[in-house]
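Examining the three-dimensional arrangement
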Amino acid sequence: MNAENSPSDSPLVIHDMTVAYGRKPVLWNIDYVSPSRKLIAIVGPNGAGKSTLLKAALGLIPRQNGEALFFGQPYQKVRQKVAYVPQRSSVDWDFPISALEVAAMGCYGRVGWFRSVNRDAKNRALAALEQVGLGDVAGRQIGQLSGGQQQRVFLARALAQDADLYLMDEPFAAVDATTEQSIVAMLQALRDRGKTTIVVHHDLQTVSEYFDEVLLLNLRLIAAGAVSEVLTPQNLKATYGGQLSILDAVGQRMSARQSVTS
């Protein structure tokens, strides 16, 4: 358990969570207590259960065992405090809805479902689109946007919600380097405002640059904590097995970073 948070006030507590597809386990006996006000990466090889961890915690897919609590409560009781950004590939981009309407969905917890979005909510949504650099395409249908723009629309929806915990499933997928850096800056700004963000991340080599903490996952939770403490050769080998080229690249990057900061 992380010393900074008790289970009653942690943004996310997962206890004894197991998920299986058919008879094949995808996650096994996961226990995790997230810290507050941190940028946290979930990393591991393909098929390690990274996206499944977020979906199962939110109740989007069934759990065979265990529970997940957000700020000490089940998700349904604190929905407005938790924002979720899914993978871009999981969204129906042909649905006839504008970028502004998608961003305004983040305000539904305040204006209520089945009610028209009021002017304040539209202003919040437009401000969120401006924040991610998409104010000029607010009226465009989402299917007409590029992959990077579509990803940023869903980030805008999360920003409009003004949550306390952000769960993001590979937000850097299908974006260029400039957009990736702007998203990182946005996540760091959220952290500086006291928010917590947990990100499924595919690029192990940028973890030490982007994140404060990391959760290493491969069916089981291998290790979790501060990046400098968790990204050890032993933990990486336990997570990635014999993929030595990955381990060598990460080790070289962290060594270079430590020499610059020392």
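What you see is a predicted model, and the numbers here were worked out from it, not measured in a lab. (Residues numbered from 1 in each chain as written. Predicted model: local features only at pLDDT ≥ 70, side-chain atom pairs only at ≥ 80, totals over all residues. Heavy atoms only, no water.)

Right, let's get into the pattern of salt bridges. Summed over the entire model, instances satisfying the criterion amount to five salt bridges. Its salt-bridge partner being Asp-162, residue Lys-195 comes within 3.4 Å of it at the nearest N-O pair. With Lys-195 in the loop between helix H6 (177–192) and strand E7 (196–200) and Asp-162 in the loop between helix H5 (147–161) and strand E6 (165–169), this residue pair connects regions lying 33 residues apart in the sequence. Here Asp-192 makes a salt bridge to Arg-191, at a shortest N to O gap of 3.4 Å. The network of salt bridges with shared partners includes Asp-162, Asp-164, Arg-193 and Lys-195. (Salt bridge = Lys/Arg side-chain N within 4 Å of Asp/Glu carboxyl O. Helix = DSSP H or I, 4+ residues; strand = E, 2+ residues; numbered from the N terminus.)

Within this structure, the stated rule accounts for three aromatic pairs. Here the aromatic residues Phe-172, Tyr-210 and Phe-211 are joined through ring pairs into a cluster of three or more. Over the aromatic face of Phe-71 sits the side chain of Lys-81, whose NZ or CZ is 4.2 Å from the ring centroid. (Phe/Tyr/Trp six-rings, centres within 6.5 Å; stacked < 30°, edge-to-face > 60°. Lys NZ or Arg CZ within 6 Å of the ring centre and 35° of its normal.)

Right, let's get into the sheet that holds strand E3 (residues 39–43). If you trace the six strands from one edge of the open sheet to the other, you get E5-E6-E7-E3-E8-E9, paired in mixed fashion. Pairing within the sheet leaves two strands with one partner each, and these edge strands are strand E5 (82–85) and strand E9 (220–226). Strand-to-strand twist of the sheet, defined as the mean angle between neighbouring strand axes without regard to direction, takes the value 15 degrees. The pairing of E3 with strand E8 (residues 213–218) spans four bridges and is classified as parallel. Its bridge partner lying in E8, Ile-42 is registered against Leu-215. Across the sheet, helix H1 (residues 50–58) touches E3, E5, E6, E7 and E8, and the angle it forms with E6 is around 140 degrees. (Pairing = 2+ DSSP bridges. Axes fitted to C-alpha atoms, helices over the stretch in contact; angles between N-to-C directions. Contact = heavy atoms within 4.5 Å.)

In this section: the sheet that holds strand E4 (residues 65–69). Backbone-to-backbone hydrogen bonds pair the strands of a sheet. The strands run either parallel or antiparallel. Spatially, E2-E1-E4 is the arrangement adopted by the three strands of the open sheet, whose pairing is antiparallel. Each having just a single partner strand, strand E2 (24–33) and E4 make up the two edges of the open sheet. Within the sheet, the average angular offset between the axes of one strand and its neighbour, ignoring direction, is 25 degrees.

Within the largest apolar cluster, 53 residues are counted, with the highest numbers of intra-cluster contacts made by Val-43, Phe-172, Leu-187, Val-207, Phe-211, Val-214 and Leu-231. No other element matches the seven residues that H5 contributes to this core. Those residues in contact with Val-214, other than ones at most four positions away along the chain, are Ala-41, Val-43, Val-207, Ala-223, Ala-224, Gly-225, Val-227, Val-230 and Leu-231. (Core = buried A, V, L, I, M, F, W, Y, C linked by side-chain atoms within 4.5 Å. Buried < 20%, exposed > 50% of the residue type's maximum accessible area, 1.4 Å probe, protein only.)

One pass over the structure, following the stated rule, counts two cavities of 30 Å³ or more. Together, Leu-12, Ile-14, Tyr-32, Ile-42, Leu-53, Leu-54, Ala-57, Ile-198 and Leu-215 line the largest cavity. The greatest single-element share of the lining of the largest cavity, amounting to three residues, is contributed by H1. Here the residues of the lining of the largest cavity sort into nine nonpolar, no polar and no charged. The volume enclosed by the second largest cavity comes to roughly 30 Å³. Taken together, Leu-39, Phe-172, Val-184, Leu-187, Tyr-210 and Phe-211 form the lining of the second largest cavity. Here the lining of the second largest cavity is composed, by residue class, of six nonpolar, no polar and no charged. (1 Å grid on protein atoms, 1.4 Å probe; cavity = no way out; pocket = protein on both sides within 12 Å on 5 of 7 lines; lining within 4 Å. Points joined across faces, edges and corners; volume = space filled by probe spheres on them. Nonpolar A, V, L, I, M, F, W, Y, C, P; charged D, E, K, R; others polar.)

Looking at the element boundaries, Arg-140 is found in the loop between helix H4 (119–131) and H5. In contact with Arg-140, other than residues within four places in its own chain, are Ile-97, Ser-98, Ala-99 and Leu-145. From its side chain, Arg-140 meets the backbone oxygen of Gln-144 in a polar contact 2.9 Å long. (Polar contact = N/O pair within 3.5 Å; in protein donor to acceptor, adjacent residues only side chain to side chain.)

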